[in-house]
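Chain by chain, the residues run as shown.
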Amino acid sequence: MRRLNPFLFPSDTDFRFVLLVVAIVAASITVFNSLQVDIFTSSWLKMTVDCIEKSKLAHPDDLTLQLQFEKQCRDRYELLQSGWILLGIAILLSVATLIYWLTPRWLVWRRKLSPFTAEDDPQIASSLDELCREAGLARAPIFLSDPLNPNVGGLAFGRIGRRYVALNGGLLAQFHIDPARFRAIARHELAHLKNNDVDKTYFAVAASLAFALVALIPLGVSLIDDVFFGPDLGFGFNLVWRAIAIAGYVYLALAGLLRTREVYADVRASIWDGESGALREILSKPAGANWLSFLGFHPDPAYRLRSFDEPQRLFRLSYWDAFAAGVASTLAFPDLNALFDLLLDSQYESLTPYGASILFAPMMAGVLGLSAWRSVYLARIQGAKPQGIGRLGAALGLGMILGLWLALRSAVPYLDYDSFTGWLVPSLFLFFWAILLIVGLFFLAKWVAAGAVIWLETTRSAKSLRRAYAFTIFLTAAIMTICVGFWYFFWFQGYEGVYMIVSLGGGLVSVVNRIIGSPYAFWIFLSLWAYPLSARFWRRSEIVVENAYLENDSPALKLQPSESTRIGLAVAIGVVSAILAVALMAIIRLGVRFSVAEATYTDLIWKDGYLKSQIALAILFELGAAFIASVWIKRAGWAHGLLAAFVAGGLTTLGFVSLVELGDCFSIFSLGGVGGCADLFDPSLIGLIGSYMVNWGMFLSIPVAVTASKIASWFRQ
Amino acid sequence: MDNQTTNQLVSDISRDVLSEVAPQEMPLFRAASQAYFKNPSASLTQKSGDDMLGFGAGEAVTLLTPYLLSATAEVIKFLAEEVKKAVSEEGASMIGEKVKSLFKKYRNPDESKNKVQPLTAEQLAQVQAIAMKEARRLRLSDKNTKLLANAIAGSLAVKKG
C-alpha cells in the first residue's frame, strides 16, 4: 500500500513553530506587563495624584476641562508604560535573532568542527554529493566533521544562507562498514534541510533562550520580591505558580517542536531511502517505552517507527496540540487588552478586545483550518467520514479558557465578593460564557470541515489545494476575529459589566437584537452557506492531486467528486417561499386596509405590533424554506437550507418594503404612511427591515437547517 | 624533539596503526588528529549520548582514533627517551628520524643502513605496557586496549634472537 504524502499540507513542525513563537510572545507580553505594573505602580499613583492636582489648578471651575486635562496628563505616562512592554518584546526578539545568528558559529567553535573534504575520504565526499543531488537541495550544505563524537548521527544546523551538516565520528566510521546505514542517517539530516526546518528549529531554541534570559529571570527576581517582601503572600504565590506554568508550557512547546521535526525528517528521508531501507531498520531497533517522552527532545522510538510506516498518522492534529494552541492564543489576551488600553484613547476602549483577537485569530484559524483540511483529505482518500474535528475545536476552546486563566494579569483578584451568592452568580456567568465558546468552536470546526469537503473537489493540483485551504484559513480568521473579540469583550466585562451594558442598552432583548441585527452578524450568516456552496463555481469533474503519495514513481491521485451541490434548487425554494410570504403579506395588508378602522392602523402601537407580526411571518417562511431545502437536498443540506432562508429573507424584505412603498403611491396598500412615489426602495428602510427579516431569519434557521439535515441523513441511511 | 616533529611522528604512526586496526575510522583521522594536537586532554573526553537536535536514534560506538593518538604519543615519548640514551652525542634534530626508523614501515630492509638498533624484547614489552596503561587510563575496554597495544607494538621493529 502506498504511503500518503503529509508534505502536501503545512507540517506539524510549522504549526508547532508558530505555536511556540506565539506562546513566547504571548508569555512575554504577560511577563513584561506584570513587571511594568511592579515597577510603575507607585509612580503611577503618584503621577495620577499629581495630574489631578494640576488639572484642578488649570481649570478650577470646569469639571469637564479638568477631566480632559487630567487624561492628557496621564496619557504621556501611559504611553511610557506601554512603551515598556513593547520595548521588552523588541529586546526579546532582538536577543533571539542574535542567538539564532551566532549559534552556527558557536557550534563550530564549541564542537571543534572542521570541514569534511574529499581529502578525508573521496568516496564519502562523492556519496554526499550524490545524496545532495538526490534530495534536490537548491544549494548543498557545507559538510563538517565532528571526529571525536562517537555517536552514529549527525546534525543539520545553520542560518539563512549558510547551512551545515556535521557528521559525527561515529557516523563517518560507518561508511565503509555499513554504507546503507551511513546514507540513511545522512539522508535524515539532509531531510531537515529539505523540510526547511533548520531555521525554525534554531530560531525556536534561540527564542526560548531569549525568553528565559530577558523575561523569566527578571520575572523571577520580581516574584522573589513579591513573595518575600510583598504585602500579599497569596497574590505572590498566585503569580509564582502561573509563572512556573508558563515557563513549563514554553518548554513543552519547544520539546514538541523538536520531536516533530525528527518525525517529518524521517518521513522525508524515507522517500529517498525507501520504505524498507536502512533508516527503517535503524528506527525499528527495540527501545523501552518511555512515558515521559513528552518531555524529551526526541520522539518516542515506537511513535517514530509508526509515523514512518504510516505517515497518514501525521494528518491528524492531536487534541493536545489544539489545546496548547488555545492556551497560546489567549495567554496574552488580558495583558494585550491592558496594553491597547494604555495605547488607545478611552473612546476606543470597547475595541481593545478586538486588538488581541486580530493578533491571535489567524493562529486559531490556522489550527482549525489546517486540522480540518488534513482530516477531510485523509478521510476522502480512505473513503471514510472525517472524525473528531468538532472535538478539536472544543479542545482549542478549552485551551483558550486555560490561557486566560494562566495569564499573570489574571492573578489580580477581580472583585472581592462578600458572600457565596455574590461570588456564585458572576462565576456561573463566566462558566456559561466559557461553555458558549467551547460549543461555538466545536460547531465552527465542524463547519470548516464541512466546507473543506466540498472545496476539496476544486482541487486540480497541489497548488490549487494550497489555494483552497488558504482561503478557508483566511475566512475562518476573519470570522474568529469578530467572534472571539466579541466573546472576549463580554468575558472581560464579567457579570457586573455585562449587567451594566444590558441595563444601559435597554434590556437583554434589545442588546441581543442589536448584536443579531448588526452588519457583522449579517456577513457571518452569509458566509455560513456561501463558503461551502461557492466551491461549486470551481468544481472539477475529477479531483487530481499530484504528489499525493510519498513514493517517487507514484501516479497522481484521482478521485471522483461526490454528488454536486444544488444551489439552483435552494434558490428556487427560497424564491417560492418569498413569493408565498409576500403574497400573504399583501393579502393581510389589503385585509387590514379594508377591514380595520383608519384610526386603528395609524396608531403607533398598533403599527408596531403589525410590523412585528410581518417580521415573524417572514421568519416563519424562511424557517420553512430552510427546513425544506435541508431535508430535500442530500449533500450539505444544511448549507442549502441556509441559502434558501437567506434568499427567502432577502426577497421577502424587498417584497415587504415594496408593499410599504406602494402604499405611498397607491392608496389601496396605504396603512397611513408618509412619503411619496419618488423615494421607492428607501435603502435605510431595507436595511432596517432586513436586519430583522434576514439576520434573525438566518440566525433562527441555523438550528432548523442543521437538525433537519441531520435527521434527514439518518433516515436516508 | 620539538613539538611539530613529535606531532608529525605521532600522526604518521597512528595513521598507519589505525589503517590496520580500525580502517573504517580513516575518514575522520585528519580532523581527529588536528583536534587532538590542538587540545589533547579535551579531545579525549569523548561525548556520549546524542545531541539535543541530532538524529536521536543512533547508538554510540567506540572510536579508537583518540585513544590511539594518545597511546602513540606516550610510546613515542618513551622511544625518544630510549633513542636519546643510546645516541646521546647526536643532535636532537636527528632523534625524530631515528624514532621513526624504529617502526617497521620506515625501517630500511637493509639492517646495516639503519642508524638505530631495533627494540629489544624487553623494550617492546615496555612499549606494550605504556600503550596499555594509557589506554586504560582513558577507560578503553580491555579488549580494545589489548588490540591497540598489540598493534602499536606490532608496528615496531624488534631485534631478532
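Residues numbered from 1 in each chain as written. Chains lettered and ligands numbered in written order. Predicted model: local features only at pLDDT ≥ 70, side-chain atom pairs only at ≥ 80, totals over all residues. Heavy atoms only, no water.

**Here's the deal with the state of the cysteines**
Residue and element names in this part refer to chain A. Using the following cut-off: The disulfide definition used here is simple: a pair of cysteine sulfur atoms within 2.5 Å. In this description a helix means any DSSP run of H or I spanning at least four residues, a strand means any run of E spanning at least two, and both kinds are numbered starting from the N terminus. Residue burial is assigned from relative accessible area. The probe radius is 1.4 Å, only protein chains are included, and a residue is buried under 20% of its type maximum, exposed over 50%, and partly exposed in between.
For the structure shown, the criterion picks out 1 disulfide over all chains. Here Cys51 pairs with Cys73 through a disulfide, and the sulfurs are 1.9 Å apart. Looking along the S-S bond of the Cys51-Cys73 disulfide, the torsion reads about -70 degrees, which is the left-handed sense. Separated by 22 residues along the polypeptide, Cys51 in helix 1 (residues 12-58) and Cys73 in helix 2 (residues 63-110) bring together distant segments of the chain. Accessibility assignment for this pair places Cys51 and Cys73 in one class, buried.

**Notes on the pairing of strand 4 (residues 162-168) of chain A**
Here is the key point about a regular strand: its side chains alternate between the two faces of the sheet. Residue and element names in this part refer to chain A. Test applied: By definition, two strands form a pair when at least two bridges between them are found by DSSP.
Counting buried positions along strand 4 gives 5 out of 7 residues, so the element sits mostly inside the fold. Looking at chain direction, strand 2 (residues 142-146) and strand 4 are connected through 5 bridges and run parallel. Looking at strand 4, one finds that Ser145 is bridged to Leu167. Where strand 3 (residues 154-159) hands over to strand 4, the hairpin turn is made up of 2 residues, of which Gly161 adopts a positive phi near 85 degrees.

**Considerations on the sheet that holds strand 2 of chain A**
Residue and element names in this part refer to chain A. Reading across from one edge, 1-2-4-3 is the order of the 4 strands in this open sheet, with mixed pairing throughout. Edge positions in the sheet fall to strand 1 (114-115) and strand 3, since each has one partner strand and no second. Pairing of strand 3 with strand 4 involves 6 bridges; the strand directions are antiparallel. Its bridge partner being in strand 4, Gly154 is matched across the sheet by Leu167.

**Describing the domain arrangement of chain A**
Interfaces are often sized by the amount of accessible area the parts lose when they come together. What counts, and what does not: Residue ranges for the domains trace back to a domain assignment, done automatically or taken from a database.
Assigned domains of chain A: these are domain 1 (112-194), domain 2 (316-562) and domain 3 (567-716). Measuring from the centre of the C-alpha atoms in domain 1 of chain A to the corresponding centre in domain 3 of chain A gives 71 Å.

**Thoughts on the interface of chain B and chain A**
What counts here: Contacts are assigned to residue pairs that have any heavy atoms within 4.5 Å of one another. By definition, the buried area sums, over both parts, the 1.4 Å-probe accessible area that each loses when the two are put together. Just to be clear on terms, a salt bridge is a Lys or Arg side-chain nitrogen sitting within 4 Å of an Asp or Glu carboxyl oxygen. Any pair of nitrogen or oxygen atoms within 3.5 Å is treated as a polar contact; in protein, a donor-acceptor pairing is required on top of that, and neighbouring residues in sequence qualify only through side-chain atoms on both sides.
Contacts between chain B and chain A engage 27 residues on the former and 43 residues on the latter. Between chain B and chain A, a total of about 3000 Å² is buried, with carbon and sulfur atoms accounting for 60% of that surface. The interface formed by chain B and chain A includes 2 salt bridges. Where chain B touches chain A, the interface holds 8 residue pairs in polar contact (both at pLDDT 80 or more).

**Some thoughts on a positive patch on the surface**
All names here are of chain A. Heads up, the rule is: For patches, a residue must show more than 30% relative accessible area and have no salt bridge; joins then use 9 Å for like charges and 5 Å for nonpolar side chains, namely Val, Leu, Ile, Met, Phe, Trp and Tyr. The Shrake-Rupley method, run with a 1.4 Å probe sphere, supplies the accessible areas, and residue values consider only the shown protein chains as cover. Charge assignment: positive for Lys and Arg, negative for Asp and Glu; neither His nor the chain ends contribute. Each charge is placed at NZ for Lys, CZ for Arg, CG for Asp and CD for Glu.
A contiguous patch of positive charge, built from Arg460, Lys463, Arg466, Arg467, Arg540 and Lys558, is present on the exposed surface. When residues in the positive patch are grouped by element, the largest group, 3 residues, is from helix 15 (residues 462-504). As for its placement among the helices and strands, Arg540 is situated in the loop between helix 17 (519-533) and strand 5 (543-545). Given a relative accessible area of 36%, Arg540 falls into the partly exposed group.

**Quick look at the pattern of salt bridges**
According to the stated counting rule, one finds 27 salt bridges over all chains in the structure shown. Across the salt bridge formed by Asp14 of chain A and Lys200 of chain A, the nearest N and O atoms sit 2.7 Å from each other. In this pair, Asp14 of chain A is assigned in helix 1 and Lys200 of chain A in helix 6 (residues 198-229), connecting sequence segments 186 residues apart. A residue is classified by how much of its surface remains accessible, and Asp14 of chain A, at 24% relative accessible area, is partly exposed. One salt bridge connects Asp16 of chain B with Lys105 of chain B, and the closest N-O pair in it is separated by 3.0 Å. Placement of the pair is Asp16 of chain B in helix 1 (residues 3-21) and Lys105 of chain B in the loop between helix 5 (93-100) and helix 6 (121-137), with a sequence separation of 89 residues. Residue Lys105 of chain B is classed as exposed on the basis of its relative accessible area of 58%. Among the charged side chains, a salt-bridge network with shared partners connects Asp197, Arg261, Glu262, Asp266 and Arg304 of chain A.

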